Amino acid sequence: MIYSSELIKGTLKTIVLQQLKQNGKMYGYEITQKVKELSKERIAITEGALYPTLHALEADGLVHTETEYIGKRVRKYYRLSTSGENKVLEKVNELAEFMNTMKFLLDIKTA
Amino acid sequence: MYSLSDKQIDFILNDIGARGVKMEDLQLNLLDHVCCIIEQNLETDGDFEKFYHTTIKTFYKDALWEIEEETINLLIFKNYYVMKKIMILSGTVSAILMSTGIFFKFLHWPGASMFLVLGIVISSLIFLPLLFTLKAKEKQSVKDKAIVGIATFSGILISLAVLFRIMHWPGANMMGLLFVVIMVAVYIPLYFFSGIKNPDSKVNTIVTSILMVMGCGLFLTLVNSRPYIQEYSALVSNSYLQNSYESFSDENEQLFASLTNDSAANVKSIKVLHSKSDSLCNSIEKLKLDLLNATEGDNAQKVNYDHYGRLENYDVPTFSLFSEDLSPKADLMQLKQNLVALNDYCKEVLNFNSSKIIDVTDGSNKRPDGNATWEVRYFYKTPLNNVLRNLTQLQINIRYVETACLK
C-alpha cells in the first residue's frame, strides 16, 4: 500500500531533513530512492512535492547546496546547515508527539 | 543501464523549458532527476524519446510548470501565517486609530489628524495589500483574483482620498471620483454578474450590490457638499484680512520712519505710540499662532492660512483663553489691559479718542450662553475661524488708530 500524498505532504520536510542528517549530502533523485527503499516502497515522494520543498528548505537556510558536473548536466547536492541540524530534532519530536496524539485520538492499539 | 548523449541531455533541458519551467535551478534539478530515472530504468537499446515522454508525465497532474508554481508559492508564502497575523494586527490597529481619530475630531480635541493619518496609512499600505495577497492566493480563477485586486485598489484609493481630504492636500476629490468610477463601472458589475450565477449567493449579491451603489451615491454627494465650499470661503476671508493687516503694518512703518526724521514732529510720543502698537500687534499675532498650532498639532512659525482648512474648532480657543468659570486667562486679560492702556495714551497724550475704534467695553450684543463681557463676546465658544478673524480685525484697528495719530 502506498500512502496518500495528503498524508505525506505534512511530513515531507521532516523526512527530507532526517535523510540529510543520516546520509550527509544527497541529491533529489537519491532522496526519493532512499525513502522508497526505507519505507518498503510505501512512501513515494513525487518530483512535484520534493523540489518545491527542497527550494523552500534552502530559502529558510536549513540546507546548503553544492553542485557537481556529471558530464554535461549539473547535479545539485543538499546538506544540512547548522540551523537545519537543530531543526531536525525539533521536527522529529513534533512528529512523534503528533503520532502519539493521533494514536490516542483514533484509539489505535499497537501490538 | 542506459547512457545518455549530450544531445539527449540538451533535448531534455529544452523540453523542460518549453513546458513552462523557467527557474534555472529547478530546470537543472528536474533534468538530473529525469536523467537518473532514464539511466536506471531504460534498457541499453530502449526507445529514449518514448521512455522520456512517459517518465516526464509522471512528474505532474496537468502541466510541468505546476512544480515551478508550487515552488514559488512555497517561497512566497513560507511566511503565510506571519503575514496573516500581521494583517489581523494591522487591521485592528488601524481600526482603533481611525475610531480614536474620529472621536477626537468630533470633540475637537488636538491630535485627531495624527490618529486618522496613522490609521489610514497603516490600512492602505499594510492591511489592504496583505489582505489582497492572502485573498488572491485563496481564489482559483483569474477572474476572482482580478475582482479581489480591484476591490483592494478601490479600498486603498478611498482611504487615501479621505486622508488627503482630512489633510487638505490637493487631489482628494480626483481620487474620490476615480474610486466611484471604478466601483460603478468595473467592480460592481464584475461582482454582480459573477455572484448572481451562483444560486447560493444570488440574494446576497443583489443586496450587497445595491448597498454598494447607494454607498457610492452618498460618497459622491459628500464630495460635492456645501461644507467643502465653506472651507474655502473661510480660508479666503482670513487670508484677505491677514494681508490687509500686513500691508497696513508696512505702510505704518514707512510713515513712522519719515516722521522720526521730521524735526517738527513730536518724536518722543510717536515712538511710544509705535512701540505700544507694535507690541500689541505682535502679542496678538503670537496668540493667533498659538491657537492655530494648538488646534492643528502644528509647529508653524508664521500665520499662513493657505495650508489650513475650515478651522471650525470651537473648543481650542475657549480652552486656551478661558478658565472653567468663564473668566479670561492671563493672556487675554493682558491683551485687554494693553488695549485699554493704548486707548488712554491716545486720548491723554495725543488727544485722539480711539475707544470707538478699539472698543473693549462690555454690555452690548448679549450672548445666550454667557455674560456679555468683551472677551466673551468675541472669543468664548466661537469657532477658531472667527476668533482668528476677530483678532486680525483688532490688529487692523490698532494700525488704523496708529495711522490716525501719526498723521
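Residues numbered from 1 in each chain as written. Chains lettered and ligands numbered in written order. Predicted model: local features only at pLDDT ≥ 70, side-chain atom pairs only at ≥ 80, totals over all residues. Heavy atoms only, no water.

Draft legend 1. Geometry of the overall build of chain A. When helices and strands are tallied, chain A shows five helices and three strands. Each helix and strand of chain A, ordered N terminal to C terminal, gives the series α-α-β-α-α-β-β-α. Expressed as a percentage of the 111 residues in chain A, the buried residues total 38%. The contacts of chain A with a sequence gap of at least 6 include a subset with a gap of at least 24, amounting to 49%. A total of about 6,800 Å² of accessible surface is found on chain A, and carbon and sulfur atoms cover 54% of it. Across chain A, 17 positive and 14 negative side-chain charges occur, with their mean positions spaced 3 Å apart. (Helix = DSSP H or I, 4+ residues; strand = E, 2+ residues; numbered from the N terminus. Buried < 20%, exposed > 50% of the residue type's maximum accessible area, 1.4 Å probe, protein only. Contact = heavy atoms within 4.5 Å. Areas by Shrake-Rupley, 256 points an atom, 1.4 Å probe, with all protein chains shown as cover. Lys, Arg positive; Asp, Glu negative; His and termini not counted. Charge placed at Lys NZ, Arg CZ, Asp CG, Glu CD.)

Draft legend 2. Molecular detail of the sheet that holds strand E1 (residues 26-27) of chain A. Strand order in this open sheet of three strands is E1-E3-E2 (chain A), and the pairing throughout is antiparallel. Strands at the two margins of the open sheet, each flanked by one partner only, are E1 and strand E2 (63-70) of chain A. Looking at chain direction, E1 of chain A and strand E3 (residues 73-80) of chain A are connected through two bridges and run antiparallel. Paired with Tyr27 of chain A across the bridge in E3 of chain A is Tyr77 of chain A. Sitting on the sheet, helix H2 (residues 24-41) of chain B touches E1 and E3 of chain A, and the angle it makes with E3 of chain A is about 105 degrees. (Pairing = 2+ DSSP bridges. Axes fitted to C-alpha atoms, helices over the stretch in contact; angles between N-to-C directions.)

Draft legend 3. Structural view of the interface of chain B and chain A. The partner chain A presents 20 residues to the 27 residues of chain B that form the contact. Where chain B packs against chain A, one counts five salt bridges. Among the salt bridges present, the one from Glu39 of chain B reaches Arg73 of chain A, with a minimum N-O distance of 2.9 Å. Counting every contact that joins chain B to chain A gives eight residue pairs in polar contact (both at pLDDT 80 or more). Among the elements of the structure, helix H1 (6-18), H2 and helix H4 (65-76) of chain B are those that each provide at least two residues to the side of chain B that touches chain A. When residues of the side of chain B that touches chain A are assigned to their parent elements, the largest contribution, 14 residues, is made by H2 of chain B. In terms of residue class, the side of chain B that touches chain A is built from 14 nonpolar, six polar and seven charged. (Salt bridge = Lys/Arg side-chain N within 4 Å of Asp/Glu carboxyl O. Polar contact = N/O pair within 3.5 Å; in protein donor to acceptor, adjacent residues only side chain to side chain. Nonpolar A, V, L, I, M, F, W, Y, C, P; charged D, E, K, R; others polar.)

Draft legend 4. Spotlight on unusual backbone geometry. Backbone geometry at Asp107 of chain A places phi at a positive 55 degrees, although glycine is not the residue there. When you line up the elements, Asp107 of chain A lands in the segment after helix H5 (82-105). One non-glycine residue, Asn351 of chain B, lies in the positive phi region at around 55 degrees. Summarising the element assignment, Asn351 of chain B is placed in the loop between helix H13 (330-348) and helix H14 (374-379).

Draft legend 5. The domain arrangement of chain B, seen in detail. We note that the domain assignment places domain 1 (6-59), domain 2 (79-225) and domain 3 (227-406) within chain B. For domain 1 of chain B versus domain 2 of chain B, the separation of C-alpha centres amounts to 48 Å. (Domains from an automatic or database assignment.)

Draft legend 6. Up close: the nonpolar core. Core analysis: the largest hydrophobic core is formed by 45 residues, its most contacted members being Ile12, Leu30, Ile38, Phe59 and Leu64 of chain B. Listed by contribution, the elements that provide at least two residues to this core are helix H2 (12-23), E1, helix H3 (28-38), helix H4 (47-59) and E3 of chain A together with H1, H2 and helix H3 (48-57) of chain B. For this core, the element with the most residues is H2 of chain B, which contributes eight residues. Membership of the second largest hydrophobic core comes to 43 residues, among which are Ile270, Ile358, Val360 and Trp374 of chain B. (Core = buried A, V, L, I, M, F, W, Y, C linked by side-chain atoms within 4.5 Å.)

Draft legend 7. Structural detail: H13 of chain B. All names here are of chain B. Between its first and last C-alpha atoms H13 spans 26 Å; for 19 residues at 1.5 Å apiece the expected length is 27 Å, and the two agree. All buried positions along H13 are accounted for by Leu332, Leu335, Lys336, Leu339, Leu342, Asn343, Tyr345 and Cys346. Buried residues along H13 sit against helix H11 (267-296), helix H12 (315-321), H14 and helix H15 (384-406). (Expected span 1.5 Å × (residues − 1).)

Draft legend 8. Here's a closer look at the state of the cysteines. All names here are of chain B. Counted according to the given criterion, the structure contains zero disulfides over all chains. In this model Cys346 remains outside any disulfide bridge; the closest cysteine sulfur is found in Cys405, 3.9 Å from its own. Judged by its relative accessible area of 0%, Cys346 is buried. (Disulfide = S-S within 2.5 Å.)

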